[in-house]
Amino acid sequence: MNGIFAKAFMMKYVLFIFVILYYTLPATAQDSTAITHRDTLSAKSHGPGTQKKVNKFWKMITEPAKPARQGKLYAFPIPLFSASPTVNFLYGIGATGSWYCGNPKDTRISNAQIGIAYTVKNQMINTIKSAIYLRHDDWILYGDWRFVLSSVPGFALGTGNQSDLLASNGARFNDNPYAKQAADVQLLYYDYLRVYETVLRRVIDKFYMGIAYHLDYYTNIRDNELNLKASVPVTTNFYNYNIQHGFSQTGSILSGVSANAIYDTRDNQNNPYAGRYAYVSFKYNPTFFGSTKNSSTIWIEYRDYADITHNHYNILAFWAYGNFVTSGVMPYLSLPASGGDQFGKSGEGYINARFKGESMMFGEVEYRRHLFAIKNYPDFFGLAVFANVNTAGAKESDIRLFQYLDPAFGGGIRINISRVPRSNLCIDYAVGFYGSQGLYIRFNEAF
């Protein structure tokens, strides 16, 4: 099965490189003379290599920004590292790339992000995520591919202080990343392939409609907290859910199609200064498409941006979404969960999928403040403060949506690393309930 995963991911990488080259080569050809001329200059005229790099960096941040150009790729690598109770220490490398598929005057900027990470627990997390606007904004292409060998705590469904209970023996998960986890607490291991591809066509002005294919494939699941051979058998949330709904204990497939509608007036998806974004997706997962069981869900999302001082130096941003099972039953690991947005940026303050259930809602408000600039770099440095809240409902636990609210609070700094695509390096620290907290380093704003 891992061989199939690897081949599928390789195909995605090749496709991504092809798209980048397709839109980059025309611009490269136009500048070929200048590039050749620069490369033929002597090393002596530039001085030592280190000095050249310093001068190049200084020119980049002090000279006026060059106009946006079709085909120009604005790409930046970044090391990935974090620490949490679920992965211990994670390390790897990531990159983000932004470009215009058409004339910047009538085409919004596209973005793609790639990440390859490993943990000291021999976990592997590979991701390719993209939001591409084709020429004249006539089409939008969303992609979300993930190949993961990982583990998570088998949390109880719903929000509230009962959600950290992992098993019938009373084992609980400690959300505090700086606290030592109980020696007897075991995690739920799995291999996971996600393939989400969405195609949307502009219907009128900023309104789009389209279809998508979605695949969530979990295999090689190992529930290490489960112990049915003990004198008093130990059962887990994962095991009990599967028994109740007739799912396998070792794997599940969710394969389906969706109908989608988007209204998008944002001026830039990387770092919006103004506009609105609304997204509705109805997903149907039938067994004849390969799903383990029939089910359907609906996703409803809204974002809004208020430029308080009309100079984008004080922005109030709002984000809310809901994900609901509308029919049938879904596999435990595929249930609506916190951090379930495409780029996994929601729910800072908690680990991804900390809360899940048949219904899930999330909301966040964020204040973004410009602090200071340097010559020709007006948006160089800023900060953000935010508050968010999660709520999840679970039928079998008789937990209603909004019965328990689990908020988080945080803030961080913003360093503008590229003026044309408005790409920010964001460094945030957030604190939630139950001792949960975390450091987050990423490209571009959370929403």
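Residues numbered from 1 in each chain as written. Predicted model: local features only at pLDDT ≥ 70, side-chain atom pairs only at ≥ 80, totals over all residues. Heavy atoms only, no water.

Overview of the overall build of the protein
Then step 1. Along its length, the protein carries five helices and 16 strands.
Then step 2. Across the 447 residues of the protein, 49% fall into the buried class.
Then step 3. Pairs at least 24 apart in sequence give 62% of the contacts found in the protein among residues at least 6 apart. (Helix = DSSP H or I, 4+ residues; strand = E, 2+ residues; numbered from the N terminus. Buried < 20%, exposed > 50% of the residue type's maximum accessible area, 1.4 Å probe, protein only. Contact = heavy atoms within 4.5 Å.)

A closer look at the nonpolar core
Then step 1. Counting 24 residues, the largest nonpolar core has Leu 188, Tyr 190, Ile 221, Tyr 332 and Leu 333 as the members making the most contacts within it.
Then step 2. Contributions of two or more residues to this core are made by strand S5 (139-152), strand S6 (188-204), strand S7 (207-223) and helix H5 (237-245).
Then step 3. At three residues, S6 tops the list of elements feeding residues into this core.
Then step 4. Those residues in contact with Tyr 190 that sit more than four places away from it in its chain are Val 148, Leu 149, Ser 150, Ser 151, Val 152, Tyr 218, Thr 219, Asn 220, Ile 221, Arg 222 and Leu 333. (Core = buried A, V, L, I, M, F, W, Y, C linked by side-chain atoms within 4.5 Å.)

Considerations on the side chain of Glu 364
Then step 1. Relative to the elements of secondary structure, Glu 364 occurs in strand S12 (residues 359-374).
Then step 2. Of the buried charged residues, Glu 364 lacks a salt bridge, with Arg 368 as the closest side chain of opposite charge at 6.5 Å.
Then step 3. With sequence-adjacent residues up to four places away left out, Glu 364 is seen in contact with Ala 317, Phe 318, Trp 319, Phe 386, Ala 387, Asn 388 and Phe 447. (Lys, Arg positive; Asp, Glu negative; His and termini not counted. Salt bridge = Lys/Arg side-chain N within 4 Å of Asp/Glu carboxyl O.)

With respect to a nonpolar patch on the surface
Then step 1. Residues Phe 81, Phe 89, Tyr 91, Ile 93, Ile 116, Tyr 118, Val 120 and Leu 439 make up a contiguous nonpolar surface patch of about 730 Å² in total accessible area.
Then step 2. Those elements giving two or more residues to the nonpolar patch turn out to be strand S2 (88-99) and strand S3 (110-119).
Then step 3. The element that contributes the greatest number of residues to the nonpolar patch is S2, accounting for three residues. (Patch = residues over 30% accessible without salt bridge, like charges linked within 9 Å, V, L, I, M, F, W, Y side chains within 5 Å. Areas by Shrake-Rupley, 256 points an atom, 1.4 Å probe, with all protein chains shown as cover.)

Brief notes about the packing of aromatic side chains
Each aromatic ring pair is described using two quantities: the centre-to-centre distance and the angle formed by the ring planes.
Then step 1. Inspection of every chain in the model, using the stated rule, returns 18 aromatic pairs.
Then step 2. The interplanar angle of 10 degrees and the centroid separation of 6.3 Å between the aromatic rings of Tyr 241 and Phe 247 together place this pair among those described as stacked. A single burial state applies to Tyr 241 and to Phe 247, both of which are buried.
Then step 3. On the basis of relative accessibility, which here comes to 4%, the residue Tyr 241 falls in the buried class.
Then step 4. Each residue in the set Trp 299, Tyr 305, Trp 319, Tyr 321, Phe 362 and Phe 447 is aromatic and connected to the rest through ring pairs, giving one cluster.
Then step 5. Across the ring face of Phe 155, the terminal group of Arg 354 is positioned such that the distance to the ring centre comes to 4.2 Å.
Then step 6. Here Arg 419 stacks its cationic end above the ring of Tyr 377, 4.5 Å away from the centre of that ring. (Phe/Tyr/Trp six-rings, centres within 6.5 Å; stacked < 30°, edge-to-face > 60°. Lys NZ or Arg CZ within 6 Å of the ring centre and 35° of its normal.)

Overview of the pairing of strand S10 (residues 295-307)
Then step 1. The sheet contact formed by strand S9 (residues 275-285) and S10 spans eleven bridges and is antiparallel. The partner of Tyr 279 across the bridge, within S10, is Glu 301.
Then step 2. Note that S10 and strand S11 (residues 314-328) share 13 bridges and pair antiparallel. Note on S11: the bridge partner recorded for Ile 298 is Phe 324. (Pairing = 2+ DSSP bridges.)

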